[in-house]
Every structure is written in C-alpha cells, then in structure tokens.
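Okay, here's what each chain looks like letter by letter:
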Amino acid sequence: MTRKLRIAHAAPPMERVPPSGYGGTERVVHDLVVEQVKRGHRVTTFASGDSDVPGELVPIVPEALRPAGFGGDPSSYFLSAVLHVLDRARDFDIIHSHLEWYSTILARVAPVPVVSTFHGRLDHPWAKDLLARVAGNYVAISRAHASTHPQVTWAGIVHNGLDLRDSPFERRAGDALCFVGRIAPEKGIVDAIEIAKRAGRPLRIAAKAGTTPSERDYDANVFQPALKAAGSLVEFHGELPRDERDMLMAGSLATLMPGAWPEPFGLVAIESLACGTPVIARPSGALPEIIRPGEDGFFGSDVAEMAFMVDHVERLDRAAIRESVLERFSAERMASDYEAVYERVLGIGVEAEQPSGVAVGASRGPIRSIAAGPGAADREPGANTAARKS
C-alpha cells in the first residue's frame, strides 16, 4: 500500500495491549499496530490506559479490567469504548474494531468505514440475525471461523500473525508435555492430564483461571480433583508471563491442544510451533489450517489416539517447524493482508464497479494464510468474496 492511512484500532478493555499474561486478541492488536506504524501509517489505539503501543493511545479505561480484578458484566465498558471511538471517528480514514459484537454498532453509525475483526466464537443462536441486520466489512480469522456463517459476504479472512522471531528454541526437547490456555471445559485441560497419563509422560500446565461462574465451578469441581489425582505427574504453574510460558513450551516434547470446541484460530498453536515444539490436537476449528500433520504435529480424534501420537513427535524436525511458522504467521504477513482489506473497503487501487472483493479462499492446503486482497486466483471454488460497505 503506497497511501499512508489514518487508522484507529479499538481494542477490548479487558486486557492491556499487549497483555502481560493471557490475552490473545490484545497480542494480535499490539503486533498489528507496531507493524502498521513501521509502515508509516498514523495509528491511534483505543485501549486500556496501561497499554503500551506506538502511535497515539486513547484510554478507554484507566487500566485493564481483568488484571485489576474485575469479574462482572463488561458490556458498559465495551459501549463506552464505542463512544470513545465515535467521538474521534472523523479523525480517521478507517476504523478497525476488535470489539466483537459491539463492532456492529460502529459499523452501523460511524461516519467513516469500519473493518470489524471477530476474534471469538460466532456460533451463537442470535448471531445470524444480527449479521443479517447490520451490514459491515466483517473479517474472520480462519476459514473454519467464517464457515459458521456462510451467508455472510466476508470482507476478508485473515489468519492471525505475531512477531514470533524472539521465541525461544530448543533443538533437543525434554520428555514433558505441556498445556497452555485457560481452565475451561472447551479447552480440554482435563483431557490433557489423561493424555499424559496414557503416554506415561509428565505434564506441565500454564493456565489462566476462569473468570465466569461456570468456569470457576469447573475449576473447583472438575479440574482441581483431576489435578490432585494426577499427583506428581502434573506440574501446575498457573498463569505465566509470556517469556516464562514460551520457555515452558520450548523445553517441552509437545504441546497438547485437546479441546473439542470450534477454535476460531489457535494462537497457542503458532506460539508453540515458533518454539519448534510440535502440537498434538483434535482436528477442531481452525487448527487444520495451522498444523500440517506429520510436519508440525499430529491430530487425534480422542484421548487415546492423541496419547498414541506422543511417541511419534520426536522424529519431527523442530527447526523446520519453527522456520515455517515464522513465515506463515508473521506480523508482517498479517499487516499486508489487512492493508489489502483496507484497500478494498476504501476503494484504493481497484475499479469501483469490480463485482468481486477480497479473496477468501486460500491456499493449496492449510499451510498458507488466507490472505485478503491479492491472491484471488487462489480462492476456493464458489467463495463469495465481495466486501460490504459500512
């Protein structure tokens, strides 16, 4: 993109940008902002006041809510974030919202184009009607994510990217498995313990405690008893800072991702692969778009099959795993993909009457990002790629 844009990013108020510990969306937003500023764009980030981003920061709350102990209904804070952005909307060429379903409000009323990336689940019973009622330049973060709503004309499907170049790397791994994530049933944390037992391998867990009542109940009544029953086989580290968490992954034989939920993307997978550590997972959600079976790790349909795969990961080339993921899921690639989305939405460098928009279909298999914009020749047959205007 030759034109330099005035870009606003609206981040959720729950975690700082970047997060000090757990927080996937906020890491993606941070690395995207950093790369866009490097490219000469004028970037303003609406986020918690304790965030650390280049460009201009507009605080939407004084400090991130979750680390400060907030556990209530955050809807008023999200609405406040929307109002903060609308107060400054005419200062920008484009607004990029990461506020999940609150993005639809911006899409409806903002005086400038809004690109809305969904980072969370889309399979809610009310979602289809809402997306039908509010047209927007919506972006999904994987093919699996977008397929939840095939009726939507997506402005683009852009795989997440991160600056993973400083991820630690150990050519020779230890014997232990690891699990990184959240203490919640959909993440498969108890299944990870069972896989370790069956494989006869120690397991190290770095996991954030749940914040909702149902997650706290699951922690107390399901996870804690399973952890106690596992004894010395399992080390529980709680929520770790990024550098400690990455060192844990780098020194592990494999990372376990046994969750059965429709994972929109799976940042843990690319973070693990950047450390050269293979991933053993269920083939759910977007993970088949990230993990190349037999190269980056293995898939198993159940606990028994995943435990069986543990003995096969030692033959994988950890250096090749790292090299591939640094290319496929870099912040630079993600920023280029979003520039292509912005170009389409703003009508920069495209014919006004062109009927087909951003390329949704990607690649020859799951090893390359679904790039928005250039690359339409690679689109999947039948993919409807036209962008919608706000």
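One numbering rule holds for all chains: residues counted from 1, following each sequence as written. In keeping with the predicted nature of the model, local features appear solely for residues at pLDDT of at least 70, side-chain atom pairs appear and are counted solely at 80 or more, and the whole-chain, interface and lining totals rest on all residues. With hydrogens and water stripped out, all remaining heavy atoms of the structure feed into the side-chain values.

Focus: the environment of Arg245
What counts, and what does not: Put simply, DSSP H or I for four residues or longer makes a helix, DSSP E for two residues or longer makes a strand, and each gets a number counted from the N terminus. The contact rule is simple, with two residues in contact once any of their heavy atoms fall within 4.5 Å. Whenever a nitrogen or oxygen atom comes within 3.5 Å of another N or O atom, the pair is scored as a polar contact, on the condition that within protein one atom can donate a hydrogen and the other can accept it, and that pairs from neighbouring residues in sequence are kept only if both atoms are in side chains.
With respect to the element layout, Arg245 can be found in helix α8 (residues 242-250). Look past the residues within four positions of Arg245 in its chain and what remains in contact with it is Gly21, Arg27, Val180, Leu240 and Glu271. A distance of 3.4 Å separates the side chain of Arg245 from the side chain of Glu271, its partner in a polar contact.

A short note on the pairing of strand β11 (residues 254-257)
Quick note on the threshold: Only protein chains enter the accessibility calculation, which uses a 1.4 Å probe. A residue is then buried if its area is under 20% of the maximum for its type, exposed if over 50%, and partly exposed in between. Only strands that DSSP links by at least two bridges are regarded as paired with each other.
Across the two faces of β11 the burial is the same, with Ala254 and Leu256 and Thr255 and Met257 all buried. As paired strands, strand β8 (residues 177-182) and β11 are joined by two bridges and run parallel to one another. In the strand pairing of β11, Leu177 is matched with Ala254. The pairing of β11 with strand β12 (residues 279-281) spans three bridges and is parallel.

Thoughts on the sheet that holds β12
Where we set the bar: Only the stretch in contact is used when a helix axis is fitted, and all axes are lines through C-alpha atoms; the angle between N-to-C directions ranges over 0 to 180 degrees.
Strands sit in the order β10-β9-β8-β11-β12-β13 across an open sheet of six strands; the sheet is parallel. Looking along the sheet, the strands with just one partner apiece sit at the ends: β10 (234-236) and β13 (297-299). Neighbour-to-neighbour, the strand axes of the sheet open up by a mean angle of 20°, direction not taken into account. In this fold helix α6 (residues 189-199) packs onto β8, β9 (203-208), β10 and β11, with an angle of close to 175° to the strand it touches most, β9. Against the sheet, helix α7 (residues 213-230) makes contact with β8, β9 and β10, and its axis sits at roughly 140° relative to β10, the strand it touches most.

Points about α8
Turning to α8, its buried residues number three or more, namely Arg245, Asp246, Leu248, Met249 and Ala250. Next to the buried residues of α8 lie α1 (24-38), β8, β9, β11, α9 (267-274) and α11 (318-328).

As for helix α2 (residues 75-87)
Definition in use: Expected helix span is computed as 1.5 Å times (number of residues minus one). Of all possible arcs, the one meant is that of the directions from the helix axis to the C-beta atoms.
The end-to-end C-alpha separation of α2 is 19 Å, in line with the 18 Å expected for 13 residues at 1.5 Å each. Residues of α2 that are buried include every one of Phe78, Ala81, Val82 and Val85, and no others. Angularly, the buried residues of α2 cover 100° about the axis, an arc narrow enough to put them on a single face. More than 90 degrees from the buried face of α2, the exposed residues found are Leu83 and Asp87. The secondary structure elements touched by the buried residues of α2 are β1 (6-10), β2 (42-47), β4 (94-97) and α3 (103-109).

Digging into the sheet that holds β1
Pairing in this open sheet of seven strands is parallel, and the strands run β3-β2-β1-β4-β5-β6-β7 from one edge to the other. Here the strands that pair on one side only, and so sit at the sheet edges, are β3 (56-59) and β7 (156-157). The sheet contact formed by strand β6 (residues 137-140) and β7 spans two bridges and is parallel. Bridge assignment links Val139 to a residue of β7, and that residue is Gly156.

Here we look at the pattern of salt bridges
If the charged atoms of two oppositely charged side chains come close together, the side chains can form a pair. Counted only if it meets this: What makes a salt bridge here is a side-chain nitrogen of Lys or Arg within 4 Å of a carboxyl oxygen of Asp or Glu, nothing more.
Scanning all chains against the criterion turns up 27 salt bridges. With a closest N to O distance of 3.5 Å, Arg3 and Asp93 form a salt bridge. Highlighted residues: Arg3 in the segment before β1 and Asp93 in the loop between α2 and β4, separated in sequence by 90 residues. Asp93 gets classed as buried once you look at its relative accessible area, which sits at 15%. One salt bridge in this structure joins Arg66 and Glu15, with 2.3 Å as the shortest N-O distance. Here the residue Arg66 occupies a position in the loop between β3 and α2, and Glu15 occupies one in the loop between β1 and α1, the gap between them amounting to 51 residues. Given a relative accessible area of 17%, Arg66 falls into the buried group. Overlapping salt bridges bring together Arg27, Asp166, Arg242, Arg245, Asp246 and Glu271 as one network.

So, the state of the cysteines
The line we're drawing: Disulfide: a pair of cysteine sulfur atoms within 2.5 Å of each other.
Counting across every chain of the model gives zero disulfides. With no disulfide of its own, Cys178 has Cys275 as its nearest cysteine by sulfur position, at a separation of 8.7 Å. For Cys178, a relative accessible area of 0% corresponds to the buried category. Assessed through its relative accessible area of 0%, Cys275 is described here as buried.

A short note on the packing of α9 against α11
The test is simple: If an angle is under 35 degrees, it is roughly parallel; if it is over 145, roughly antiparallel; if it lies from 65 to 115, roughly perpendicular; otherwise it is oblique. Note on residue categories: nonpolar means Ala, Val, Leu, Ile, Met, Phe, Trp, Tyr, Cys or Pro, charged means Asp, Glu, Lys or Arg, and polar means any other residue, Gly included.
Orientation of α9 relative to α11, taken along the N-to-C sense of each, is 130°, at an axis distance of 7 Å. As summarised for this structure, α9 and α11 are arranged oblique, according to the angle between their axes. On the side of α9, the interface is formed by Ile270, Leu273 and Ala274, while α11 contributes Ile321, Arg322, Val325, Leu326 and Arg328. Of the residues assigned to the contact of α9 with α11, the class counts are six nonpolar, no polar and two charged.

Some thoughts on the packing of aromatic side chains
We apply this condition: Only Phe, Tyr and Trp rings take part, Trp by its six-membered ring, and two of them pair if their centres are within 6.5 Å. Stacked means planes under 30 degrees apart, edge-to-face means over 60, and tilted covers everything else.
Within this structure, the stated rule accounts for nine aromatic pairs. With centroids separated by 5.0 Å and ring planes inclined at 20°, the aromatic side chains of Phe78 and Tyr102 adopt a geometry described as stacked. Of this pair, Phe78 sits in helix α2 while Tyr102 sits in the loop between β4 and α3, and the two are 24 residues apart along the sequence. Members of the aromatic cluster, each reached through a chain of ring pairs, are Trp101, Phe118, Trp126 and Tyr138.

Things to note about the nonpolar core
The criterion, for reference: Residues belong to one nonpolar core when they are buried, are Ala, Val, Leu, Ile, Met, Phe, Trp, Tyr or Cys, and are joined through side-chain atoms within 4.5 Å.
Membership of the largest hydrophobic core comes to 74 residues, with the highest contact counts inside it found for Leu203, Ile205, Ile270 and Ile290. Residues in contact with Ile205, not counting those within four places in the same chain, are Phe179, Ile189, Ile193, Phe223, Val234, Glu235, Phe236, His237 and Gly238. With 19 residues, the next largest nonpolar core counts Ala8, Val58, Ala81 and Val85 among its residues.

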